[in-house]
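# Commentary on secondary and tertiary structure
Listed below, chain by chain, are the residues.
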Amino acid sequence: MSRMFVPGPVDVDDEILQAQVQPMLPHRSVEFEEIFRRASEKAQQLFFTQHRVLLSASSGTGLQEAAIRNFVDKKVLACVNGAFADRWYEVAVSNGKKVEKLVFEWDQPVDPQRVAAAVKTGGFEALTIVHNETSTGLQNPVKEVAEAVRAVVPDTLILVDAVSSLSGAKIETDAWGLDMVLTSSQKALALPPGLALAAVSDRALDKAKTVENRGWYFDLLRMEKHRLKDSSPATPAMSLIFALDYQLDRILAEGLANRFARHSAMAKRVQAWADAHDLSMYAPEGYRSQTVTTIKNERGIDISDLNAFLKQRGMRIANGYGPLKNITFRIAHMGEIQMDDLEELFAAMEEYLKR
Ligand SMILES: Cc1ncc(COP(=O)(O)O)c(C=O)c1O
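Let me begin by describing the structure that accompanies this report.

What counts as what
- Residues numbered from 1 in each chain as written.
- Predicted model: local features only at pLDDT ≥ 70, side-chain atom pairs only at ≥ 80, totals over all residues.
- Heavy atoms only, no water.
- Helix = DSSP H or I, 4+ residues; strand = E, 2+ residues; numbered from the N terminus.
- Contact = heavy atoms within 4.5 Å.
- Axes fitted to C-alpha atoms, helices over the stretch in contact; angles between N-to-C directions.
- Parallel < 35°, antiparallel > 145°, perpendicular 65-115°, else oblique.
- Left-handed = near helix turned anticlockwise from the far one by under 90°.
- Nonpolar A, V, L, I, M, F, W, Y, C, P; charged D, E, K, R; others polar.
- 1 Å grid on protein atoms, 1.4 Å probe; cavity = no way out; pocket = protein on both sides within 12 Å on 5 of 7 lines; lining within 4 Å.
- Points joined across faces, edges and corners; volume = space filled by probe spheres on them.

## Examining the side chain of Asp-219
Tracing the backbone through its elements, the reader meets Asp-219 in the loop between helix 7 (202–208) and helix 8 (220–227). Setting aside its immediate chain neighbours within four residues, Asp-219 contacts Asn-70 and Arg-214.

## A short note on the packing of helix 2 (residues 30–47) against helix 9 (residues 238–254)
Where helix 2 meets helix 9, the axes come as close as 9 Å, and the angle between the chain directions of the two elements is 45°. Our classification of the angle between helix 2 and helix 9 gives oblique. Regarding helix 2 and helix 9, the two cross each other, and that crossing is left-handed. Here helix 2 contributes Phe-32, Ile-35, Phe-36, Arg-38, Ala-39, Lys-42, Ala-43, Gln-45 and Leu-46 to the contact with helix 9, which in turn contributes Met-238, Ile-241, Phe-242, Leu-244, Asp-245, Leu-248, Asp-249, Ile-251 and Leu-252. Of the residues belonging to the contact of helix 2 with helix 9, the class tally is 13 nonpolar, one polar and four charged.

## So, empty space enclosed by the protein
Evaluated as defined, the whole model comprises two cavities of 30 Å³ or more. Approximately 120 Å³ is the volume found for the largest cavity. The wall of the largest cavity is formed by 15 residues, among which Leu-55, Ser-56, Ala-57, Tyr-217 and Ser-232 lie closest to the centre. Broken down by class, the residue content of the lining of the largest cavity amounts to twelve nonpolar, three polar and no charged. The volume enclosed by the second largest cavity comes to roughly 50 Å³. Secondary structure elements with two or more residues in the lining of the second largest cavity: strand 2 (52–56) and helix 8. Looking at which element gives the most residues to the lining of the second largest cavity, the answer is strand 2, with three residues.

Shown next as structure tokens:
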């Protein structure tokens, strides 16, 4: 298994698939509430938070929308250096919020000082930033951005998309002063798609109390009210919660430090492989993702043809995203992927390149 080197949905271990196959329970039963509570409490360790972790029966985009609906009354700053940051901007626009886009080149990190300068005069209640841009393989300096913003307008809420990095890279929600960190199940957590998780700070929930038209399904105050009773306002994605509960045990048994080290070592290995084949990385040194590496296709490899070759060996990689299609390709190393899997991939890629 673990032969899909694509940035989600990723391979799911058989044990996890099996964990879903349990009889349904009434969701307002003590038995299910116990599992719900357990999963949400264990998840706090992944987010490095003492605050709550909310579980949403949606994909990550649902929680991008929740962030906007709950924490933005008037104006939000969207830091954009990739496709998913741009989606969050569009989510804000389509929810009728005033939003300013602070644009960076896709191959450059969000610059903390430029963000601080914008926040100083902009009158923003919140800012959005993507920790790990899956479209570019760039990891943004979220901690530094939060620090710079706190130095100028401390009550700005910091809303972070960690969809493709949470549990693959260390994100210290409380220590970095982040107000919402959201993620999806189908990426670094290596679960099937359909579940989203978010750590949410107390001050963010206080802010939500002042925001009207939060909607119903993604009203985080309603979700929090039910979470306090180990439940959710609407029917939860029960099978996915069974799987999450089980997967969190596996992740914590691996050890978070070991897990982050495994991802970091794999990222370095992919970079070294690319270097050795005269290919350079799209993201600059110091800002490269631990979970997905984007490589410039400087050898003009036919990515579809390469993938057709790899698929015969039960593997696949990802083409570049959107405008980066064919001029880059992506090798994801998140979730269950191990170093040996990468070595097998590289052996196959070398065979292809030699043909
Ligand atoms: C960084 C990032 N944010 C948001 C999303 C959207 O997540 P979902 O598909 O779970 O809604 C993705 C999906 O690939 C992503 O990579």
